[in-house]
Amino acid sequence: MNREWDLLHTPGPTPVPPSVERAMNQPMIGHRGQKCKDLLKEIAPRLKPLFGTSEDVLILSGSGTSALEAAVVNATRPGDEVIVVVAGAFGDRFAKICETYELKVHRIEVEWGEAVDVERVESTLQAFENTKAVFLTHCETSTGVIHPVEEIALRVKEISQALVVVDGVSSIGGVEINMDRSGIDFVVTGSQKAMMLPPGLAFAAVSKYGWEVVEQNDRPRFYLDLRSYRNRLGEGQTPFTPPLSLLFGLSEVLNLLDEEGLKNVYHRHQLMKGMTREAFKALNLPLLVSEEAASATVTSVKPNTFQAEDLRKMAREEFGLILAGGQKHMKGQVFRVGHMGYCRSSQVLQYIGILEIILKRLGHDFTSGAGVAAAQEAYLEIIKEVQEC
Ligand SMILES: *Cc1c(COP(=O)(O)O)cnc(C)c1O
């Protein structure tokens, strides 16, 4: 099948809007010239609302993990004690980065599919009084859970001096976060999820307190030294050559977000989440995550009457509908639908309609049309709520 027909619904990479594709397709410029300075000066302040901060948002070249690693090397020194919430593959990655950089890691292991309790973070912090930082994942993409990171940050700040570091790779641009209000010290993200760009850019925002720690930190670091990104940003520069085409695209992404309004962007993600979950319930598909813990950007299903991998294969081969499978021990047990970034309710109706055909083929028991009808109902309900508030 023509790959330009693919319906990409993985939780990253995600589709890129046509106007962003066009914006990226521009002649190359010099990264030390005035054009690049103008571009970075235009982009940088417009990123701040996405992080809910008045601090600089730094632009790194690399995938999301480069920003996770940047947070670790800039915030900590070898031997530091840290707490990492591990509720899925990405919490596990954060813990592994911390271990690689010789930190003493206390993992809070949470059942995959569940959100961490604020109380558990609090009691762990009380048990390890020397904790220098708490690492959290905002949306745990491997399960589709959104963790209450703002609430956790507020609690951590009440009882300790520990830094709060948040992986927002699959949430920033789709779910609201406010660093300044909650006291979160680091939020990092990447370009290929809710930010509507191809992979290759990463972002990091650091609080005032976070900067004090970063400035005093004598751990050796070079490419990921956030001090150099901050110093150069003042001049409208990055320390090393940035992926300029992605910066052209980013400028257009920010135009699109401005046009729609961030509040509406977040509502759109809530709408897609609500439609998707209601449809799956009506189709007798077990959702992995409870209503309160479910992320607006990705939904996981744990089927019990067929193999998740069979559904994924049929969706891909017959309709070009690309869904994600499970990660680590959930491999083969779940399928995951990404609904973030350049995605809207009309696409939810499309993938639910397709999945109904495949579920029939798989012999799964449900009433034809029930999924689409539930998604339509949810649309009407949620749109009404949004208009009323
Ligand atoms: C995708 C993702 C990452 C890492 O992404 P890469 O860009 O592949 O390095 C990290 N954390 C979360 C929560 C993610 O969803």
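Residues numbered from 1 in each chain as written. Predicted model: local features only at pLDDT ≥ 70, side-chain atom pairs only at ≥ 80, totals over all residues. Heavy atoms only, no water.

Under an unreviewed UniProt entry, the name given to the protein is Alanine--glyoxylate aminotransferase family protein, and the organism recorded is Halobacillus yeomjeoni. The Sequence similarities (unreviewed entry) comment attached to the protein in UniProt states, word for word, "Belongs to the class-V pyridoxal-phosphate-dependent aminotransferase family." Among the UniProt annotations of the protein, the heading Cofactor (unreviewed entry) holds the following wording: "pyridoxal 5'-phosphate". (UniProt positions renumbered as here; feature names shortened; annotations may be inferred.)

(A) Representation of the environment of Ile43. Relative to the elements of secondary structure, Ile43 occurs in helix 2 (residues 34-51). Classification of Ile43 as buried rests on a relative accessible area of 0%. The spatial distance from the C-alpha of Ile43 to the C-alpha of Phe366 is 48 Å, given a sequence separation of 323 residues. The residues touching Ile43, leaving out its near neighbours within four places in the chain, are Ile59, Leu247, Leu250, Ser251 and Leu254. (Helix = DSSP H or I, 4+ residues; strand = E, 2+ residues; numbered from the N terminus. Buried < 20%, exposed > 50% of the residue type's maximum accessible area, 1.4 Å probe, protein only. Contact = heavy atoms within 4.5 Å.)

(B) Structural detail: the packing of aromatic side chains. Counted by the stated rule, this structure contains 5 aromatic pairs. Geometrically, the ring pair formed by Phe94 and Phe135 is edge-to-face, given 5.0 Å between the ring centres and 70° between the ring planes. With Phe94 in helix 4 (residues 89-100) and Phe135 in strand 5 (residues 131-137), this pair connects stretches of sequence that are 41 residues apart. As far as burial versus exposure is concerned, Phe94 and Phe135 are alike and both buried. Consider the rings of Tyr229 and Phe240, whose centres lie 6.1 Å apart with planes at 75°: the pair is edge-to-face. (Phe/Tyr/Trp six-rings, centres within 6.5 Å; stacked < 30°, edge-to-face > 60°.)

(C) Just the sheet that holds strand 4 (residues 104-109), in detail. Pairing is mixed in the open sheet, where 7 strands are placed in the order 2-10-9-8-5-3-4. Taken across any chain shown, the strands that pair with only one partner, and hence form the sheet edges, are strand 2 (57-61) and strand 4. Strand after strand, the sheet turns through a mean of 20° between neighbouring axes, direction not considered. Packing against the sheet, helix 3 (residues 64-75) makes contact with strand 2, strand 5, strand 8 (163-167), strand 9 (186-190) and strand 10 (201-206), and its axis sits at approximately 155° to strand 9. Sitting on the sheet, helix 10 (residues 244-260) is in contact with strand 2 and strand 10, with an inclination near 65° to strand 10. (Pairing = 2+ DSSP bridges. Axes fitted to C-alpha atoms, helices over the stretch in contact; angles between N-to-C directions.)

(D) How the structure looks around the site of the ligand. Taken together, the neighbourhood of the ligand is formed by 13 residues, with Ser63, Thr65, Thr141, Asp167 and Lys193 sitting nearest. A distance of 2.7 Å separates an oxygen atom of the ligand from a polar atom in the side chain of Gln192. Here Lys193 contributes a side-chain N or O atom positioned 2.7 Å from an oxygen atom of the ligand. Mapped onto the shell around the ligand, the elements with two or more residues apiece are helix 3 and helix 4. Looking at side-chain class alone, the shell around the ligand contains 3 nonpolar, 7 polar and 3 charged residues. (Near = heavy atom within 4 Å. Polar contact = N/O pair within 3.5 Å; in protein donor to acceptor, adjacent residues only side chain to side chain. Nonpolar A, V, L, I, M, F, W, Y, C, P; charged D, E, K, R; others polar.)

(E) Spotlight on the pattern of salt bridges. On inspection of all chains with the given rule, the structure shows 25 salt bridges. We note a salt bridge from Asp56 to Lys48, for which the minimum N-O separation is 4.0 Å. Of the charged contacts in the structure, one is a salt bridge between Arg181 and Glu150, with a shortest N-O distance of 3.0 Å. Of this pair, Arg181 sits in helix 7 (residues 179-182) while Glu150 is found in helix 6 (residues 149-159), placing the two residues 31 residues apart along the sequence. Taken together, the shared-partner salt bridges in this structure form one network comprising Asp92, Lys96, Glu99, Arg107, Glu109 and Lys328. (Salt bridge = Lys/Arg side-chain N within 4 Å of Asp/Glu carboxyl O.)

(F) Highlighting the domain arrangement of the protein. With domains assigned, the protein is organised as domain 1 (18-258) and domain 2 (262-388). For domain 1 and domain 2, the distance between their C-alpha centroids amounts to 28 Å. Listed per partner, the contact involves 26 residues of domain 1 and 21 residues of domain 2. Seen at the junction of domain 1 and domain 2, the total is 1 salt bridge. Across the salt bridge formed by Asp92 and Lys328, the nearest N and O atoms sit 3.0 Å from each other. Across the contact surface, domain 1 and domain 2 share 6 residue pairs in polar contact (both at pLDDT 80 or more). Looking at the side of domain 1 that touches domain 2, the elements that each hand over two or more residues are helix 2, helix 4 and strand 7 (145-146). Among the elements that make up the side of domain 1 that touches domain 2, the one with the highest residue count is helix 4 (4 residues). Within the side of domain 1 that touches domain 2, the residues separate by chemical class into 14 nonpolar, 8 polar and 4 charged. (Domains from an automatic or database assignment.)

(G) Broad picture of the nonpolar core. Leu47 and Leu250 are the most contacted members of the largest nonpolar core, which totals 52 residues. At 8 residues, helix 10 tops the list of elements feeding residues into this core. By size, the runner-up hydrophobic cluster in this structure holds 35 residues, among which are Ala71, Val82, Ile97 and Val165. (Core = buried A, V, L, I, M, F, W, Y, C linked by side-chain atoms within 4.5 Å.)

(H) The arrangement of the sheet that holds strand 11 (residues 298-301) in detail. Read from one edge of the open sheet, 3 strands run 11-14-13, paired in antiparallel fashion. Among the strands making up the open sheet, the edge pair consists of strand 11 and strand 13 (324-325). Lying over the sheet, helix 11 (residues 262-282) contacts strand 11 and strand 14 (335-338), oriented at roughly 15° with respect to strand 11.

(I) Quick look at the pairing of strand 9. The buried count for strand 9 comes to 5 of 5 residues, which makes it a mostly enclosed element. Relative to strand 9, strand 8 runs parallel, the two being bridged by 3 bridges. Of the residues in strand 9, the one forming a bridge with Val165 is Phe186.

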